[in-house]
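# Breakdown of the fold
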Amino acid sequence: MKGETLKSYQTFDRVKLLTRHLQNHNATPCVYDFDTKSLRKLLDGASVDDIDYIFNLMIQSNLFCPRERDGKVFIAPDFNQSMEQQREMTMRRIDYLREQGVFDELFSKGHLWGFVLSEALGVYDHSLSIKVSVHFFLWGGAIRFMGTKRHHDKWFKPTETYQVKGCFAMTELGHGSNVRGIETMTRYDASTGEFIINTPCESAQKYWIGGAANDATHTVVFSQLEINGVNQGVHAFIAQIRDENGNKHPNIRIADCGHKIGLNGVDNGRIWFDNLRIPRENLLNSVADVSPDGQYQSAIKDPDQRFAAFLAPLTSGRVMIAGSSMYSTKIGLAIAIRYSLSRHAFSIRPNEPEVLLLDYPTHQRRLLPLLAKTYALSFASNYLKMIYIKRTPESMKSVHLASSALKAVLTWHCMRTLQECREACGVQGLQTENHVGHLKKEYDVQLTFEGDNNVLMQQVSKVLLAEFLAAKKRNKPIKGLGLEHLNKPVPIIPSHLTTSILRTTQFQTDIFCLRERDLLHRFATEVSQHLAQGESKEHIFTVTYQIAEDLGRAFSDRLILQTYLDVEATIPEGPLKGILGLMRSMYTTIVLEEDASFLRYSYLSTDNAAVVRKEVLKLCSELRPHALSLVSSFGIPDAFLAPIAFNWVDANAWSSV
Amino acid sequence: MAPTSQVLVKQTSNVRTIILNNPQQLNALTPEMASQILELLNTYEEDPSVKLVIVKGEGKAFCAGGAVSVFLNVSWKEAATVFYTAYTLDYLIATYAKTQVSLIRGIVMGGGAAFAVHGRFRVVTDDTVFAMPETALGLFPDVGASYYLSRLPGFFGEYVGLTGARLDGAEMLACGLATHFVPLEKFSALEDALCKANTGDPKIINNIIHDFSNKNPKLKEKSQFFRLKTINSCFSRRTVEDIISALEEEAYKNKDDWISWTIKTLKKASPTSLKISLRSIRTGRLQGVGQCLIREYRMSCTVIQGKVCRDFFEGCRALLVDKDKNPKWEPSKLELVSKQMVDSYFAPLDDEDWEDLKLPVRPNLTSYAISKL
């Protein structure tokens, strides 16, 4: 009896502690008393209202599976449903959003709305976001950018109303990132004015085509185009694959990709084309066309350039993935950090209360650098969206470069953060309803779709090298891609670093620039040495990957720091600027600590590396009091978080079973 | 306890019953009453001998809302202090540590609704009438309405908040504004039973009320709650303009009294009020009750400051003073209310000694106290 009283007292005490930490922001002294709304405004920018509108729509519909836990309502898909049920629910949710007018006039609205949709829907469920994105931004995007007016007039409206359900058949069993290597073959029949699409071998079957297994009625097909015996390279065509009743076209075979480790709400399928005939007008002809009598016409003669121009608009996919990945990262962090502010473990001295997880320096070290990094990377993602929206033919190269680099860096960060969050929540992280563990499966795909991250990073280095060599050849200062710092004298790094130096923007910029510049020179030297030995360029790039990888990282980190500084510059002096400065120092210091290249190439002496390591510890304890406000500023509504982010004791009480 | 007092207290061992006592004006809440109740509730929360707090109205109404007329003859800063107290009181009720029961007879509107709806147990009956009629008056549903309306099923909250639609007891139970429905003839017996039980154990209280209640009061045949599907598809729209055109489209397909009334009511309400109310409810959906009240305080102060729009004074003139029921709203049309105007209601006021609402720290907040709906 006595034991029970004590226990209930402890529980009560625990609840008190828990609520104090979660509700009273002033429980620990905060140096920067900033407004969480203003910080969120920096993260979500002009889209705050749009994002909240989509959140509102999802929270209020029973289709989104609201469940009550301890008086709070949480919404999340029922992942215990079978794959087929999950797919059906995804479609029903889309129907609901369509009925609310979410997709009305989508193609006339700005690109920002597209980013809002993919990001806000992804906060609920990655499958929902992907299913919508495939339809509007891959199928719709291909028509928008690769097609011309005749395609827009014909397909936009039925796409907005879902009369036509589109998919995007690019990847094949044998070819993914290497789009130019696909084997699907299309020829032209001048006698009927039709193209004939064919899958010549098993490795040419279209694979992982989202929407193809069940729902899609139409697809954009990527295929080699052979005209009069000459292969003109990869082109895109519109093909109907099912009728309005869902019956497959007789010249098409479709199979299901089956159950996946995540994203089971999307019906990925495989398609074989058996000499499918489509009208000549279905060629998406923005860069090249075929006349009725079968003559190939293109304004761009060089096939390399033509291919680049052709695929360039699809950069939007990477921009979108980078953006989405930041939202899932935020969910993971918000949950893990809130949990670490209410969960205690072990007493330091006998008979003393147990210590709050986030008061352990180790726990701070695990989560807080990731938190600061997430802010830095989110600003970079916003920058990427903006340069994408404002792109011009001249800026396309830097958009492409930034999107490749940031897609890789941001999605890697997302997966790493989710893994850390899942571990930081202990076994609670395994429970599907607590999201953090489950999100890993749902978002893993980001690392390889729309370009394998490793391939993307190598491309970044290749582009940088080409730009560097071109400037050298012209004997002119280098311009663009943020490389202008190479024209300046080599930055000097102080031989004895201190806390105050580490926190200056001057030092932070200098050391990031130094790394990029030196690695670029090293990469150029290494490549030229190989060239001197008569090796082919292709071969050289396969063997110099180590430096290329380091350079890709260096470019990304410098770009991210630059966008961060640009954001900071817009903020007047005050607590908000203060916290942003602190997080920037955390971001740069953790990069210095974690990336081996600083020591490997001696940008940091071992003594200085030790100072950096100590600084991380200090920064963690300074960020600690702000942890809750910083995750609140993400603006993810409680309903999209998890029971462990709140009163998990009551949520798990017997009475709530 | 003077018999003329506007707040009466009945004391039976461990139970305190707070009675709103201004029956001539349907117990409309005056600033004095609000401060008095605030004080009482604070005392009871501290006092270990108090276990259960009951709130009810004297006579046939619970509370007809805040006595808005008091605002007409005072400076906006004085009026702001009235809101300050009222919202602090709402917060206290919403997060009250002790068990509290609201016995809701008759009219419960506007400011009065806060008492009723923020409480732990909300018992309604046959003659209960609930409404948040602020938009007709140039105001917006405040007192934490952006919290509780936004948590109603689907987009019913937007409907109730924008149109000021009246709900009866059965509808309140159906949508979750009430927790129990007890037939009128058993109402006083319930009160006696609660007093007699002399406990604060929420489970026991729940069982007692449950025993008296009608578990499944019939919704009237033409209840608006049956229109939830239409309400969801129209009131989920992005803007007030979109909501009205969705309703008109619906009316075109399927015209009836309810939909005509809904459209007519929206067109009669202050355009500015409609826009800020919609934004307030939508924002409230993603916030806690405290954040909702802080935001609503900004909005209320902007309303009574009268710099952005003077619809509140016009509404009071037309409905309470001249009673010509013909307010001349300015701006007169929805499309004339700019986003900038709406934004200004949600920003801190540009005034030297104005400050955001600072709610008391509530260390004992249990989660059921945070969210009861």
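Throughout this document, residue positions are counted from 1 along each chain, in the order its sequence is written. Starting at A for chains and at 1 for ligands, labels are handed out in the order in which the entities are written. It should be noted that, the model being predicted, local features are given only for residues of pLDDT at least 70 and side-chain atom pairs only at 80 or more, the latter also being counted only at that level, while totals for whole chains, interfaces and linings use all residues. Each side-chain value is worked out from all heavy atoms of the structure, with water and hydrogens disregarded.

### Comments concerning the overall build of chain A
In this text, helices come from DSSP runs of H or I with a minimum length of four residues, and strands from runs of E with a minimum of two, each type numbered from the N-terminal end. For chain A, the helix and strand inventory stands at 22 helices and 15 strands. For 657 residues, the compact-globule estimate of 2.2 N^0.38 gives 26 Å, and the C-alpha radius of gyration of chain A, at 27 Å, lies within 12% of that figure. Across its three principal axes, chain A shows a C-alpha extent of roughly 90 × 65 × 40 Å. Accessibility here uses a 1.4 Å probe with only protein chains present; expressed as a share of the type maximum, an area under 20% marks a residue as buried, one over 50% as exposed, and anything in between as partly exposed. Across the 657 residues in chain A, those meeting the buried criterion constitute 58%. Within chain A, residue pairs in contact and separated by at least 24 positions form 75% of the contacts whose partners lie at least 6 positions apart. With the radius of gyration taken over C-alpha atoms, the globule rule is written as 2.2 Å times the number of residues to the power 0.38. Residues count as neighbours in contact if any of their non-hydrogen atoms are within 4.5 Å of one another.

### Comments concerning the sheet that holds strand β8 (residues 167-168) of chain B
Residues and elements named next belong to chain B. Here the rule is simple: two strands pair whenever DSSP picks up at least two bridges between them. Pairing is mixed in the open sheet, where 3 strands are placed in the order β5-β7-β8. Of all the strands in the sheet, just β5 (107-109) and β8 have a single pairing partner and so form its edges. Judged from the 2 bridges that link them, strand β7 (residues 129-131) and β8 form a sheet pairing that is antiparallel. Bridge assignment links F130 to a residue of β8, and that residue is L167. Lines fitted to the C-alpha atoms define the axes, with helices restricted to the stretch that makes contact. Angles between their N-to-C directions range from 0 to 180 degrees. The strands touched by helix α3 (residues 110-118) are β5 and β7; relative to β5, the strand with the most contacts, the crossing angle is about 100°.

### A few points about the confidence of the model for chain A
In low-pLDDT regions, the fine details of the predicted coordinates are not to be read closely. Each residue gets a pLDDT score, which is the predictor's confidence in that residue and runs from 0 to 100. On average, residues of chain A score 92 in pLDDT, and 95% of them are at 70 or above. A low-confidence stretch, residues 23-28 of chain A stays under pLDDT 50, and its non-local contacts, those more than four residues away or across chains, total 11 contacts.

### A word on the packing of aromatic side chains
A pair of aromatic rings is counted whenever rings of Phe, Tyr or Trp (Trp by its six-membered ring) have centres within 6.5 Å, and the orientation is called stacked for planes under 30 degrees apart, edge-to-face for over 60 and tilted otherwise. In the structure shown here, the tally under the stated rule is 37 aromatic pairs over all chains. Placement of a positive charge over a ring is assigned whenever Lys NZ or Arg CZ falls within 6 Å of the ring centre and within 35 degrees of the normal to the ring plane. Here the basic side chain of A:R391 rests over the ring of A:Y388, its NZ or CZ set 4.1 Å away from the ring centre.

### Section: the UniProt feature "binding site: FAD" (unreviewed entry) in chain A
Residue and element names in this part refer to chain A. UniProt positions are given in the numbering used here, feature names are shortened, and annotations may be inferred rather than shown by experiment. Here, the residues flagged by UniProt with the feature "binding site: FAD" (unreviewed entry) are T171 and G210. Spanning 40 residues, the named residues form one tight spatial group whose C-alpha atoms are at most 10.6 Å apart. Among the secondary structure elements, T171 is positioned in the loop between β3 (166-169) and β4 (185-189). A relative accessible area of 28% places T171 in the partly exposed class. Among residues more than four places away in sequence, those in contact with T171 are G176, Q205, K206, Y207 and I209. Position of G210 among the secondary structure elements: in strand β6 (residues 206-210). Ignoring any residue separated from it by four or fewer positions in sequence, one finds G210 in contact with V134, C167, V266, D267 and N268.

### Points about the pairing of strand β7 (residues 218-227) of chain A
Residues and elements named next belong to chain A. The buried fraction of β7 amounts to 9 of the 10 residues, a majority that puts the element mostly inside the structure. Looking at chain direction, β3 and β7 are connected through 4 bridges and run parallel. Bridged to A169 within β7 is V221. Both β7 and strand β8 (residues 230-240) contribute to a ladder of 9 bridges, which runs antiparallel. Opposite T219, over in β8, you have A239 as the bridge partner. As consecutive antiparallel partners, β7 and β8 are separated by 2 residues, and within that stretch N228 has a phi angle of approximately 50°, a positive value.

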